[in-house]
Amino acid sequence: MLGEFPVSHSQRIIGVSALAIAISAALTGCVSYQAQPVDLAASAGVIEARTVPAPPSGTLSYLSALDLALQRAPAVLQARAAYDSAVAAARTARVRPAMTLTLTAEYSRQADPNKPWLYGGALDVPLDRGRGARIDSADLAILKARYDLIEAVWATRTALRRALFDQAVAEQELAIADRQIAIREQRLAVFERRVALGEDARPVALTAATELSMSRQRRTSAAAALTQARAAIAAQLGVTVEALGGLRIETPTATPPAADAVPTLRRDAAIGRADVLKAVVDYDIAEQGLRTAVAGQYPQVTLSPGYTWERGITKLPFNLGLALPPVDLNRAAINEAEVKRAEAGTALEAAQAKVFAEVDAAASALAGADRQAARIEAEDRPLAARAKALTDRAVALGENDRTDALAAEASALDVDLSAVDVRRLQATALADFEAATRVLADPAERDRLAAAIPSPASGPETTR
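Residues numbered from 1 in each chain as written. Predicted model: local features only at pLDDT ≥ 70, side-chain atom pairs only at ≥ 80, totals over all residues. Heavy atoms only, no water.

Caption draft 1: Highlighting the overall build of the chain. Counting its regular elements, the chain contains 12 helices and eight strands. Computed over the C-alpha atoms, the radius of gyration of the chain is 37 Å, more than 25% above the 23 Å expected from 2.2 N^0.38 for a compact globule of 464 residues. In terms of overall dimensions, the chain has C-alpha extents of about 135 × 45 × 40 Å along its principal axes. Each of the 464 residues in the chain was classed as buried or not, and the buried ones make up 33%. Only carbon and sulfur atoms are counted for the fraction: they give 59% of the accessible area of the chain, which is about 26,100 Å². Charge-centre separation for the chain: the mean point of 52 positive side chains lies 4 Å from the mean point of 56 negative side chains. (Helix = DSSP H or I, 4+ residues; strand = E, 2+ residues; numbered from the N terminus. Rg over C-alpha atoms; globule rule 2.2 N^0.38 Å. Buried < 20%, exposed > 50% of the residue type's maximum accessible area, 1.4 Å probe, protein only. Areas by Shrake-Rupley, 256 points an atom, 1.4 Å probe, with all protein chains shown as cover. Lys, Arg positive; Asp, Glu negative; His and termini not counted. Charge placed at Lys NZ, Arg CZ, Asp CG, Glu CD.)

Here is the structure:
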């Protein structure tokens, strides 16, 4: 008790009125709850109603398609919402803990018949010793969400490029397969006429029919690949396949890396890729958890100043509250936090090892595809061209007939189809390599990806 002061009735009325006014003002500033139930039909309708603006030329540029993907791709939208949520949580972490106000009243005519009322109040003010660790953890959560957004942006960019590459390759494969089918249909028709006339045996026609069936199967696979590629493009643009219609999208260019640059790119990725930096943030979060656990071995202090009007006498009590630590002085929680920090360190090493493995695998696949492409151009294609030229010459001299020329032409198209397969491998490996190293050759594309990612300074205020 710090002192006792006589207080008039009017002063008590003024004090109670002031308290009532303060409470009313606080309640007036409160936010009311607004329900927002989920409407699945409405959200599905929004997706179905989205369209892709068609340019006057009828072909959408790759950079314009990338802009749309970064605005609409579900993975980017979800990661951006998670980032906004982390920013909001960090602002909440900066709010000091709520104080507790306790009001008391007592009526007793036995103590003093003329002044039977006792009024009092106490305010509990916790000392927020864990505020610094809480704010640091919330800021680290923002950084982690930002790295998740970077990963989502890169995943969207990689998926879009891969789908556009797959579409271009599938269209090439379809065109070649159609030509091959037409040739083998002519060849089969000739053999069937000969078999009908008894000039050739049935196995010859069956062999030609088998070759035609294989070409048709190849075309069916190419058509399915084209459909899948269009569906993947639509998914990254956040629209349905029907919304794409007949819209053409420019196939992006790709620049293979120099072989001697791979070690440097791999090391840069191992120390700068977003998923590696996210693992660093996880380690820092575990560090903050250990810091909080260590602080938990000390009592939590609460200051409780109060006011009491006891039947004409004013009293100002002051209490000091201590929330004691657990009986083990928080040793179990500290040990758990230390184990989690060690786990985070191991996860960081695993993230870097994953980067090395992905870069090496993509570089190896790209080199292998390049070797296959070089072999096709150096060996397979010249051999097929030479065989076709010799067959055409033999046909011109009357040594062979038209069916042999058609067979040689179809075989030459087999080489073209093999080249298409290799181009698919090259495109996939190059997309994987770019995703593994996070290196972009086009400055315009770099700018677009950077614009889709908030800067580190765009989070909550840094004041404590």
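Once the structure has been displayed, the description carries forward.
Caption draft 2: Representation of the packing of aromatic side chains within the structure. On inspection of all chains with the given rule, the structure shows two aromatic pairs. Residues Trp117 and Tyr119 carry aromatic rings whose centres are separated by 5.9 Å and whose planes lie at 10° to one another, so their mutual orientation is stacked. The exposure class assigned to Trp117 is partly exposed, which follows from its relative accessible area of 38%. Every member of this aromatic cluster is reached through a ring pair, and the members are Tyr107, Trp117 and Tyr119. (Phe/Tyr/Trp six-rings, centres within 6.5 Å; stacked < 30°, edge-to-face > 60°.)

Caption draft 3: Fine view of the packing of helix H5 (residues 131-197) against helix H11 (residues 402-437). Direction vectors running N to C along H5 and H11 enclose 170°, while the axes themselves pass 9 Å from each other. The orientation of H5 with respect to H11, classified from their angle, is roughly antiparallel. For the contact of H5 with H11, a count of residues per class yields 18 nonpolar, six polar and 17 charged. (Axes fitted to C-alpha atoms, helices over the stretch in contact; angles between N-to-C directions. Parallel < 35°, antiparallel > 145°, perpendicular 65-115°, else oblique. Nonpolar A, V, L, I, M, F, W, Y, C, P; charged D, E, K, R; others polar.)

Caption draft 4: Region of interest: unusual backbone geometry. Positive phi, normally seen in glycine, also occurs at Asn330, with a value near 65°. Tracing the sequence through the fold places Asn330 in the loop between strand S8 (318-323) and helix H10 (331-396). Asn330 gets classed as buried once you look at its relative accessible area, which sits at 13%.

Caption draft 5: Inspection of the pattern of salt bridges at higher detail. Within this structure, the stated rule accounts for 29 salt bridges. Here Glu434 makes a salt bridge to Arg157, at a shortest N to O gap of 2.9 Å. Pair noted here: Glu434 is in helix H11 and Arg157 is in helix H5, with a separation of 277 residues, a long-range link. Residues Glu434 and Arg157 agree in their burial class; the two are buried. We note a salt bridge from Asp416 to Arg381, for which the minimum N-O separation is 2.5 Å. On the criterion of sequence distance, the pair formed by Asp416 in helix H11 and Arg381 in helix H10 is long-range, its members being 35 residues apart. Taken together, the salt bridges that share partners define one network made up of Arg157, Arg161, Glu434 and Glu445. (Salt bridge = Lys/Arg side-chain N within 4 Å of Asp/Glu carboxyl O.)

Caption draft 6: Focus on the nonpolar core. Judged by nonpolar contacts, the single largest core of 34 residues is most densely connected at Val52, Val153, Leu160, Ile233, Leu237 and Ile249. Going through the elements one at a time, helix H3 (62-72), helix H4 (74-93), H5, helix H6 (202-237) and helix H9 (274-295) are the ones with two or more residues in this core. Sequence-distant contacts of Val153, defined by excluding residues within four places in its chain, comprise Leu70, Val76, Leu449, Ala452 and Ile453. Core analysis: the second largest hydrophobic core is formed by 13 residues, Leu265, Ala279, Val355 and Ala436 among them. (Core = buried A, V, L, I, M, F, W, Y, C linked by side-chain atoms within 4.5 Å. Contact = heavy atoms within 4.5 Å.)

Caption draft 7: Representation of the packing of H3 against H4 in the model. Packing of H3 against H4 leaves a shortest axis separation of 5 Å and a crossing angle of 45°. By the criterion of interaxial angle, the relationship of H3 to H4 is oblique. Contacts from Leu70, Gln71 and Arg72 of H3 reach H4 at Pro74, Val76, Leu77 and Arg80. Considered class by class, the residues forming the contact of H3 with H4 number four nonpolar, one polar and two charged.

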